[in-house]
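Each chain is listed here by its residues.
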Amino acid sequence: MSLSGPRDLSDRELRALAFVDERELVRDLVALTEVPSVSGSDAECDVQHRLAKQLRTMDLDVDLWQVDLEATTSHPDFPGWEAPRREAWGLVATAPGSEGEVGPPALVLQGHVDVVPPGDLAQWEGDPFTARVSGGRVHGRGTCDMKAGVVANLAAARAVLAAGLDLPRTFGLHLVVGEEDGGLGAFATLQRGHRADACLITEPTSGTLTTANAGALTFEIAVAGQATHGSTAYAGVSAFDRYLPLHAALADLQARRNERVDPLMGEYPVAYPLSVGRVTCGDWASSVPDRLVAEGRLGVALDEDPAAARAELEEAVAEAAATDPWLREHPPVVTWPGGQFASGRYDGAHGRALAHLVSAAHADVVAGPPPRERGAPYGSDLRLYSAAGIPTLHYGPGDVRLAHGPRESVEVAELVRVTETLVLSLVRACS
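Note that the structure is predicted; figures quoted are calculated from it, not measured.

Undergrad: How should the pattern of salt bridges be read in this particular structure?
TA: Note that side chains of opposite charge can pair when their charged atoms are close. What the rule picks out here adds up to 24 salt bridges. We note a salt bridge from Glu-24 to Arg-27, for which the minimum N-O separation is 3.8 Å. Of this pair, Glu-24 and Arg-27 both sit in helix H2 (residues 22-33), three residues apart, which is roughly one turn of that helix. Note that Asp-262 is salt-bridged to Arg-345, the shortest N-O span being 2.8 Å. With a gap of 83 residues between them, Asp-262 in the loop between helix H7 (239-257) and strand E10 (274-281) and Arg-345 in strand E14 (residues 344-345) connect regions that are remote in the sequence.

Here it is as structure tokens:
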């Protein structure tokens, strides 16, 4: 345990903390990392069944169900998705309270099990899905985002149960798929009726409390050209050339949208990024391209209506197109496929109570000051739980700057600290 000074911890809290085992945490993270649960893959389903089996051994009440994809994705509030799926599974586990409580859990620990693809394998040191333990860190795809958080959730629940504490309130675990491409799993979990008085999502936060996060809307801009042979390019219209002023307009739009930002987002060089992640253009090297498609993400400001953000981008593209004779006659088409993450934040007395609970637990574990509060520039499941009226925040192991990259890893010591904080949070919330 990482306590370095006297703290006013109860006997029951100390008893639960005694069941946090660093070796067990590392073993479980290594094993979970080696399941290549990329969003939309068969392994995304496999990992849910594997975790359900593990949860049943902990004597938790387990709800493992196949998500009705047709009904879920046709719901008017469905947040969108990008990875095609033939099936998806939801997974919720609940520890019954000693008083036979039938209401929602006092606290739910939530985490997503899907990961992004590894990208260029040549940039990795070894197989991305063969976890390495070195330098006090566990390395591999998904270690930071966010299988370390999932492992911490499981370990915290296991420690509280192993301690045999007589807690009057119940707690739960929500393990979800599809977070990386929109929030399918969290949406399906809430639609199934699973709720809680509060929710703690163990996304990587580097020892801080994330109490709000920006949104992210996937967009697509299609630009038309006129094909001709490359040797007579002057006789055609290059869709690539026509796109360039639109790209400049997007950069200007990003600058305008970041002139003033919420104080929670003030530490980021760009709080609400607008980026183009993929451009597809033409089909033959010696032909003038007659079509370009740019796909990207638009950052949504805290408390901003996503519809207003979409309208602002569409207006910027239309204004840029109006300055070009070809684009005036052949206007670019903006669509919004894929993930649509609204922004979200917790608020009110219940939200502040949750922040105080986790802050105090963290301070007790590190024998130091409480974690600072900030917002996050990326979308997450936080906004879905908040929209459902559940106070929600992020607190988890890892540095998000390492997520989605070939250096992805998490510090073992931080994993232990977070797990201990979760243990104290569960004991106190359920007492």
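Undergrad: I keep staring at the layout of surface pockets and nothing clicks. Help me out?
TA: If a probe the size of a water molecule is rolled over the atoms, the empty space left behind becomes visible. By volume, the largest pocket amounts to about 1,200 Å³. Listing elements by their share of the lining of the largest pocket, those giving two or more residues are strand E9 (215-224), E10 and strand E11 (291-300). For the lining of the largest pocket, the per-class residue count stands at 14 nonpolar, 10 polar and 11 charged. Here the second largest pocket is characterised by a volume of approximately 410 Å³. What lines the second largest pocket is a set of 18 residues, and nearest its centre among them are Asp-77, Ala-342, Arg-383, Leu-384 and Ala-387. Listed by contribution, the elements that provide at least two residues to the lining of the second largest pocket are helix H6 (184-191), helix H8 (306-321) and helix H11 (382-387).

Undergrad: I tried to follow empty space enclosed by the protein on my own but got confused; where do I start?
TA: Evaluated as defined, the whole model comprises one cavity of 30 Å³ or more. A volume near 50 Å³ is recorded for the largest cavity. Considering the residues around the largest cavity, the lining is formed by Pro-204, Thr-205, Thr-210, Tyr-268, Arg-374, Gly-375, Ala-376, Pro-377, Tyr-378 and Val-400. Counting residues per element, the lining of the largest cavity draws most heavily on strand E15 (residues 373-376), at three residues. When the residues that make up the lining of the largest cavity are grouped by side-chain class, the tally is six nonpolar, three polar and one charged.

What counts and how
- Residues numbered from 1 in each chain as written.
- Predicted model: local features only at pLDDT ≥ 70, side-chain atom pairs only at ≥ 80, totals over all residues.
- Heavy atoms only, no water.
- Salt bridge = Lys/Arg side-chain N within 4 Å of Asp/Glu carboxyl O.
- Helix = DSSP H or I, 4+ residues; strand = E, 2+ residues; numbered from the N terminus.
- 1 Å grid on protein atoms, 1.4 Å probe; cavity = no way out; pocket = protein on both sides within 12 Å on 5 of 7 lines; lining within 4 Å.
- Points joined across faces, edges and corners; volume = space filled by probe spheres on them.
- Nonpolar A, V, L, I, M, F, W, Y, C, P; charged D, E, K, R; others polar.

Nothing here speaks to function; it is geometry throughout.
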